[in-house]
Amino acid sequence: MDTNRFKADSRLIFGRWNYDIVKELMNGPKRYSDIKRAVPITGTTLTDRLRMFEAENLILRHMHPEIPLRVEYALTAKGEALRPMVEAFERWVIQYMDCSE
């Protein structure tokens, strides 16, 4: 395995705020404001992360033809494939990390 590629690719999920955004989208499609409310992040950073995830085909941006315009973000099949890894990571944290701090 190419460790440099692994490091770069792992930042997709474990980069600052990325895990929180993906975790929020695992609960189903969300509007921008819903994600912003759930994740304590600046609007600029959230927009950057969503664009990055969209470019990597982890999420899909769906614009509903309504007035006012409604935009939702949802995981793609590729993004949904992260679920087992995220769940395994959470089990590992619960078992091995002291989260009492």
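Each remark here, short or long, concerns the structure printed above.
When helices and strands are tallied, the chain shows six helices and three strands. Reading the secondary structure of the chain in the N-to-C direction produces α-α-β-α-α-β-β-α-α. Out of the 101 residues in the chain, the part that is buried amounts to 29%. At a minimum sequence separation of 6, the contacts of the chain that also span at least 24 residues come to 48%. Carbon and sulfur atoms make up 55% of the accessible area of the chain, which amounts to about 7,100 Å² in all.

Note on sheets: strands pair through backbone hydrogen bonds, and any given pair is parallel or antiparallel. Taken together, the three strands give an open sheet; going across it, the order is S1-S3-S2, and neighbouring strands pair in antiparallel fashion. The sheet terminates laterally at strand S1 (30-31) and strand S2 (59-64), the two strands that pair on one side only. Two strands pair when backbone bridges link them, and S1 and strand S3 (residues 70-75) are joined in this way by two bridges, in the antiparallel orientation. If you follow Lys30 over to S3, its bridge partner there is Tyr73.

What follows is about the packing of aromatic side chains. Taken as a whole, this structure holds three aromatic pairs when the rule is applied. Aromatic pair Tyr19 and Phe89: ring centres 6.0 Å apart, planes at 70°, arrangement edge-to-face. Of this pair, Tyr19 sits in helix H2 (residues 18-25) while Phe89 sits in helix H6 (residues 83-96); the two residues are 70 residues apart in sequence, bridging distant segments of the chain. These aromatic residues form a ring-pair network of at least three members: Tyr19, Phe89, Trp92 and Tyr96.

On to H2. H2 sits mainly inside the fold: six of its eight residues count as buried. Those residues of H2 that sit buried are Asn18, Tyr19, Ile21, Val22, Glu24 and Leu25.

Right, let's get into the pattern of salt bridges. Pairing is possible between side chains of opposite charge, provided their charged atoms come close. Using the criterion set out here, one finds six salt bridges in the structure. In this structure, the salt-bridge partner of Glu24 is Lys30, at a minimum N-O distance of 3.8 Å. A residue is classified by how much of its surface remains accessible, and Lys30, at 16% relative accessible area, is buried. With its nearest N and O atoms 3.2 Å apart, the salt bridge here joins Arg70 to Glu72. Taken together, the salt bridges that share partners define one network made up of Glu66, Arg70 and Glu72.

In this section: the nonpolar core. Ranked by size, the top nonpolar core spans 21 residues in total, and within it Ile21, Leu25, Ile35, Leu50, Ile59 and Tyr73 carry the most contacts. Discounting chain neighbours no more than four positions away, the residues touching Ile59 are Leu25, Leu50, Phe53, Glu54, Tyr73, Ala74, Leu75 and Thr76.

What counts and what doesn't
- Residues numbered from 1 in each chain as written.
- Predicted model: local features only at pLDDT ≥ 70, side-chain atom pairs only at ≥ 80, totals over all residues.
- Heavy atoms only, no water.
- Helix = DSSP H or I, 4+ residues; strand = E, 2+ residues; numbered from the N terminus.
- Buried < 20%, exposed > 50% of the residue type's maximum accessible area, 1.4 Å probe, protein only.
- Contact = heavy atoms within 4.5 Å.
- Areas by Shrake-Rupley, 256 points an atom, 1.4 Å probe, with all protein chains shown as cover.
- Pairing = 2+ DSSP bridges.
- Phe/Tyr/Trp six-rings, centres within 6.5 Å; stacked < 30°, edge-to-face > 60°.
- Salt bridge = Lys/Arg side-chain N within 4 Å of Asp/Glu carboxyl O.
- Core = buried A, V, L, I, M, F, W, Y, C linked by side-chain atoms within 4.5 Å.

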